[in-house]
Amino acid sequence: MKKVIAFCCALLCVCVSAFAWDYKSEKKEVNNSFQLRAGADFTKKFDHNVNLSISEELRFTVAPFVGATVFNRSFTTIDLSYKPIEYLKIDAGYMLKLIGANSEAKSASHWADPNEYIRHRVFFSVTGIYKYERWQFSLRERALLDMRTDSVNPLEKNAFDWTMRHKLQVTYSSHRYPIKPYCWVELANTLNVPEYQKQYKDNDPTNNQGTQYLERIRVALGTKYKLDSNNAFNFFYRFDWTYTRDINVTKNKGYVELTEKYSPQHAIGFTYEFDW
């Protein structure tokens, strides 16, 4: 009985010490980058307003250039959509992500282990659509689940990340030229970051309860150029502002180290689209 009591007391001390760690935010990083992107999108249209799309996008970071790390990542996506009425679209899909090595020194070990460079994503979206003359306005709400299979510390990051994205888009259809200029803005907020990643007032977890946070703002300008009834090119410029909270739980030193990372990114690219 004495051994059980001693064990419980020791376990309690460990738990208390875990919640007594100091929470320090002493580092801030700003990482600017510029990317080139290229992709292809194939859509098969079925009866009853059902569409099946398969797309591929490649991203290349050209600035800053670090050794052999021009390739940033690729996205292979399958999306099934349905429009029950003119003003509403529902879609769901799966994305396979291949993540490039972040430095030439880590390239060999990175590509040797699929858990390091393969990520999975599933998503579900509801889009409201309104048309006025040659203008089209849409608002999309999308829930995403990002999954990783490598080993992570659950105190610092999740193996399964939930995110909610809100996208507002405006498109204009020209009656003189085969183009469709558009612009959109998208906000993304976290839904289930670990306790130590949450935002606290003055980065002090004793002040008030931590909250989820806005992690991404995206803005895009572009135009679709229609070659014929089935083929089109999509040219675009996109700006991404990303905010991440990198956590390092240091048990030996007794505190939680927080690095706030800001990542402004400019990108230009094009996509080939084929609908039939």
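Preceding block: the structure.
Nothing here was measured: the structure is a model prediction, and the numbers come from that model.

Novice: Could you clarify how one ought to interpret the overall build of the protein chain in this entry?
Specialist: From N to C terminus, the protein chain includes three helices and twelve strands. Within the protein chain, counting contacts between residues at least 6 apart in sequence, those at least 24 apart form 58% of the total. By element, 61% of the accessible surface of the protein chain is carried by carbon and sulfur atoms, the whole surface being about 16,700 Å².

Novice: Would you take a moment to explain the pattern of salt bridges for this structure?
Specialist: Between side chains of opposite charge, pairing is possible as soon as their charged atoms come close. All told, the structure shown has 17 salt bridges when counted by the stated rule. With a closest N to O distance of 2.6 Å, arginine 121 and aspartate 146 form a salt bridge. Note that arginine 121 is positioned in strand S6 (residues 118–132) and aspartate 146 in strand S7 (residues 135–148), a separation of 25 residues in sequence. Grouping residues by exposure puts arginine 121 and aspartate 146 together as buried. Across the salt bridge formed by glutamate 195 and lysine 198, the nearest N and O atoms sit 3.4 Å from each other. Take glutamate 195: its relative accessible area is 42%, and that puts it in the partly exposed class.

Novice: Any chance you could explain the environment of arginine 59 here in plain terms?
Specialist: By the secondary structure assignment, arginine 59 is in strand S3 (residues 50–63). Classification of arginine 59 as buried rests on a relative accessible area of 11%. Sequence separation between arginine 59 and phenylalanine 71 is twelve residues; the distance between their C-alpha atoms is 6.4 Å. The residues touching arginine 59, leaving out its near neighbours within four places in the chain, are Gln35, Leu36, Arg37, Val70, Phe71, Asn72, Arg73, Phe75 and Arg238. Polar side-chain contacts of arginine 59 include one of 2.9 Å to the side chain of glutamate 57.

Novice: What's the story with the environment of tyrosine 82 in this structure? I'm lost.
Specialist: Positionally, tyrosine 82 belongs in strand S4 (residues 71–85). Overall, tyrosine 82 belongs to the partly exposed group, its relative accessible area being 38%. Once the C-alpha coordinates of tyrosine 82 and leucine 52 are considered, the two residues, 30 residues apart in sequence, prove to be 9.1 Å apart. Once residues lying within four places of it in the same chain are set aside, the contact partners of tyrosine 82 are His48, Asn49, Val50, Leu88, Lys89 and Ile90.

Novice: What is the right way to read a nonpolar patch on the surface from this model?
Specialist: Residues Ile85, Tyr87, Tyr130, Tyr132, Trp135 and Phe137 make up a contiguous nonpolar surface patch of roughly 640 Å² in combined accessible area. Looking at the nonpolar patch, the elements with two or more residues in it are S6 and S7. You can see tyrosine 130 is positioned in strand S6.

Novice: Explain the packing of aromatic side chains here, please?
Specialist: For any two aromatic rings, the description comes down to two numbers: the centre-to-centre distance and the angle of the planes. What the rule picks out here adds up to twelve aromatic pairs. Ring centres 6.3 Å apart and planes at 70° place the aromatic pair phenylalanine 60 and phenylalanine 71 in the edge-to-face group. Placement of phenylalanine 60 in strand S3 and of phenylalanine 71 in strand S4 is noted, with a sequence separation of eleven residues between them. On the accessibility criterion, phenylalanine 60 (29% relative accessible area) is partly exposed. Residue phenylalanine 71 is classed as partly exposed on the basis of its relative accessible area of 26%. On the basis of an interplanar angle of 45° and a centroid distance of 6.2 Å, the ring pair of tryptophan 241 and tyrosine 262 is categorised as tilted. Taken as a pair, tryptophan 241 in strand S11 (residues 231–250) and tyrosine 262 in strand S12 (residues 255–275) lie far apart in primary sequence, 21 residues in all. Relative accessible area serves as the criterion here: at 22%, tyrosine 262 is assigned to the partly exposed category. Put simply, the rings of Phe42, Phe233, Phe235 and Tyr272 pair up and form one aromatic cluster. The lysine or arginine in question, lysine 44, covers the ring of phenylalanine 46, its NZ or CZ lying 5.9 Å from the ring centre.

Conventions used here
Residues numbered from 1 in each chain as written. Predicted model: local features only at pLDDT ≥ 70, side-chain atom pairs only at ≥ 80, totals over all residues. Heavy atoms only, no water. Helix = DSSP H or I, 4+ residues; strand = E, 2+ residues; numbered from the N terminus. Contact = heavy atoms within 4.5 Å. Areas by Shrake-Rupley, 256 points an atom, 1.4 Å probe, with all protein chains shown as cover. Salt bridge = Lys/Arg side-chain N within 4 Å of Asp/Glu carboxyl O. Buried < 20%, exposed > 50% of the residue type's maximum accessible area, 1.4 Å probe, protein only. Polar contact = N/O pair within 3.5 Å; in protein donor to acceptor, adjacent residues only side chain to side chain. Patch = residues over 30% accessible without salt bridge, like charges linked within 9 Å, V, L, I, M, F, W, Y side chains within 5 Å. Phe/Tyr/Trp six-rings, centres within 6.5 Å; stacked < 30°, edge-to-face > 60°. Lys NZ or Arg CZ within 6 Å of the ring centre and 35° of its normal.

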